[in-house]
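Now for the letters of each chain:
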Amino acid sequence: MSEEAHMAPPRGTTLLFPATADPLSFIRLDADDTVTVVSKSMEMGQGIYTGLATLVAEELDARHDQMRVVAAPIGQAYGNVLMGGGQGTGGQTSVQAGYMVMRQAGAAMRSMILSAAASRWSVELDSLVIEQGVVRERDGTRSARFGELAHDAMAQPVPVDVAVKDASRFIYIGKPFARLDAVDKIRGQTRFTQDLKLPAMLTAVIARPSRAGAVVARFDAARALAFPGVRHVVQVPAGVAVVADDFWTALQARNLLQIEWDLSQAFRKSSADIYAELGAMVDSDTGTVAAAQGDVAAALTGAVTQLHSRFQVPYQAHAPMETMNIVVQLGDGALQVWGGMQMVSIDQFQLAQAAGVTPDKVTFHMQMTGGSFGRRATAHSVPGIEALSIVRALGITIPLKLMYDRADDMAGPHNAYRPAFVHRIDAGLDAKGRLVAWRHRLAGQSIATGTLMEGGMVHDGVDMFSVEGGIDQPYDIPNLRIELHSPSYPITPSWLRTSGVFHNAFAIESMMDMLALAADKDPIEFRRGALPAESRERGCIDRVADKARWFEPMAAAAGSGRCGRGVAVTFGHRSYGAVVVEVTVAADGKSYSVDRVVAALDCGLVINPDNVVSQIEGSVAFGLSLARFGQITFTDGEVDQQFFSDYHVTRMHTMPSVESHIVQSDQPPSGASETIACVIAPALANALAMACGQRCHAVPLVLAGEVIEPWSVPAGLNTSAGASDWRPPVGWLPISSRERGRHG
């Protein structure tokens, strides 16, 4: 969601915030001189705790080292304006939705601190200043640290209206601000949900069917119950749960269960079946119209050049490092929940129903999360409901932790995937090679239909998650029509970092390169001709062309390989980005390496440039994982991928050099965690097409005859050990892509 369950306002929309955010909801001053910020956004590695703390520190003139952050409880004050006011994190909304709220809260608390000091010293407010967490009289007579004034300041009346700093006075915003969570993570001191050990707590795992629609016919738990440390085995709607003293015991005992599954109503289709059905849909004209302007049929008929192409993107898994987990305790008419809750408002409602309590009796203890990418933005609150089904079946009131192992997290009908899509685009050029007609048909499952978000995200039969990046594509096309088919399968669809922009940008930006070739134009010049002159996308593509030295000849590839580079640009999740990807294709045309990625991002006002660069680099790695390796496939209804040995991700030796460039902007801040990842796949496909003339129309981007093994030994490295045992040579030092750019 990565953040994904977002309700993106139209371009140019002004977001409305309260006149002054309540500082007591967001900031706590303590006698030990710490300033604790209450984050309404979940920290899952994206750095939002540091970002929000930076905003408060700016307005307070606090010291960096006195800032702390904790997760917000459930409360109306912590709603996300970009999610219709619901409490949640996703779609790189956190900075944009929190920017003025946290600054206002900080400015109000600053006013309260000054009032406390003025009252204590019987002086006028304008005789006081704050610098680095210390209140001083301007003449230097007296001073006090925040901690000394904490009690009195927190008791001051909350000001009705306050002014935030002018940008000319910023001391933190726009400058590096070290991650507040980095040291603990490096030292292994950060506690995640899987680390929690509560008094009397038991741990559960569930044996689930491998196909949607399958149910337990009968089972024998005798061997599992005899395993030391196992306390219970019980059938629940999801399958058969093993409850033990710890995770490893429960996992081993689960393997001893003997279960017979009833497959009479099970899903039995294969990926080939699904793609054939989606392909037939995009060949028909019965889709729901998502956007239309001009007369596409007439424009296509009158076009001098017509191009028709299909593109395919598979089901894809989130694959975070921390698998799904949750801790629940139900008793005395109340429910306590420990875990990473990305969609707090949805989880509160659905878990209350599952527990048989009212929503106000649900208490969340938010935990740090080891990655999510939308995995914990579950529209159906599956892990929590599964845990509660065990608790209620056993009638226990002690805490219960439910854990998924990697196979649980990757495969099975309980999981959620970004849905597969098939696209068909018919486009036309006039005699001058200008794009005059665009008909885009796409087919794939709706994410929002059947969820609590359907009312806000499905309009006239069109799921906005399906068409984002398509209906708001940046090009000025006089005749355009977008049609959507939303079939239903017993596969749970989910937003995944980049969401719909990923598959739409892949189809659109791949087609734009094909059109540029047909028009005999440079790919960047062709795009510039279709982009409005003042568009922010044009600013990104101009920046990336300059930094990538696009109009200079590429260096020859080593040996007999062939090199190529490709470009792609998008508007995605309220930010704007463009990338150039450079590749080398082997002489036999069966393998390639990604050598260099140059990225330009316009995310408005930058709070912390170091974190933005980190997010760009992470987006490149994530985007390459999706583009090169990531696919979930089905055989006879079963998921074929269960572990990272089946579902590959970008590893160190497949990670290219990354050059990150922030496009300066006077617009308010948006987000930096997803936009660049949206355009990696099409830029890579375009680079491969340039290098070898082979157009990849489907993700993952695999050349004919290629077999990609991400853990194979990088070319040129000498080792006598097997590939999986490879270690860097003695003296080898890892460097970041930024250092690589400086030092070669």
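That block above? That's the structure.
A. Spotlight on the environment of I447. Among the structural elements, I447 can be located in the loop between β20 (435-444) and α13 (454-457). For I447, a relative accessible area of 7% corresponds to the buried category. Distance from I447 to A411, taken between C-alpha atoms, is 18 Å for residues 36 residues apart in sequence.

B. Quick look at the nonpolar core. Ranked by internal contacts, the top residues of the largest apolar core, which has 106 residues, are W438, L515, L684 and L701. Broken down by element, this core gets its largest block of residues, nine residues, from helix α15 (residues 499-518). Listed in part, the 47 residues of the second largest apolar core include L29, A57, F170 and M368.

C. Expanded view of the packing of aromatic side chains. Counted under the stated rule, the structure contains nine aromatic pairs. Note on F373 and F622: the rings are 4.7 Å apart at their centroids and 45° apart in plane angle, and the pair reads as tilted. Highlighted residues: F373 in the loop between β16 (362-366) and α11 (382-394) and F622 in helix α18 (residues 609-629), separated in sequence by 249 residues. With relative accessibility at 21%, the residue F373 sits in the partly exposed group. Seen in terms of ring centroids, Y417 and F634 are 6.4 Å apart; in terms of plane orientation they differ by 85°. Their pairing is edge-to-face. A residue pair is termed long-range when its members are at least 10 positions apart, and Y417 in strand β18 (residues 416-417) and F634 in strand β28 (residues 634-635) qualify at 217 residues. An identical accessibility class is assigned to Y417 and F634; each is buried. R208 extends its terminal NZ or CZ atom over the ring of Y404, reaching a point 4.4 Å from the ring centre. The lysine or arginine in question, R565, covers the ring of W550, its NZ or CZ lying 5.5 Å from the ring centre.

D. Main features of the sheet that holds strand β26 (residues 575-585). Taking strand neighbours across the sheet as the criterion, the four strands line up as β25-β26-β27-β30 in an open arrangement whose pairing is mixed. Single-partner strands in this sheet number two, and they are β25 (562-572) and β30 (657-662). Across the sheet, the mean angle from the axis of one strand to that of its neighbour is 15°, orientation sign disregarded. Note: strand β27 (residues 592-602) against β30, six bridges, orientation parallel. When the bridges of β30 are listed, V597 appears paired with V658. Docked against the sheet, α18 engages β27 and β30, running at close to 130° with respect to β30. Strand contacts of helix α20 (residues 680-692): β25, β26 and β27, with the helix running at about 155° to β25, the strand carrying the most contacts.

Procedures and definitions
- Residues numbered from 1 in each chain as written.
- Predicted model: local features only at pLDDT ≥ 70, side-chain atom pairs only at ≥ 80, totals over all residues.
- Heavy atoms only, no water.
- Helix = DSSP H or I, 4+ residues; strand = E, 2+ residues; numbered from the N terminus.
- Buried < 20%, exposed > 50% of the residue type's maximum accessible area, 1.4 Å probe, protein only.
- Core = buried A, V, L, I, M, F, W, Y, C linked by side-chain atoms within 4.5 Å.
- Phe/Tyr/Trp six-rings, centres within 6.5 Å; stacked < 30°, edge-to-face > 60°.
- Lys NZ or Arg CZ within 6 Å of the ring centre and 35° of its normal.
- Pairing = 2+ DSSP bridges.
- Axes fitted to C-alpha atoms, helices over the stretch in contact; angles between N-to-C directions.
- Contact = heavy atoms within 4.5 Å.

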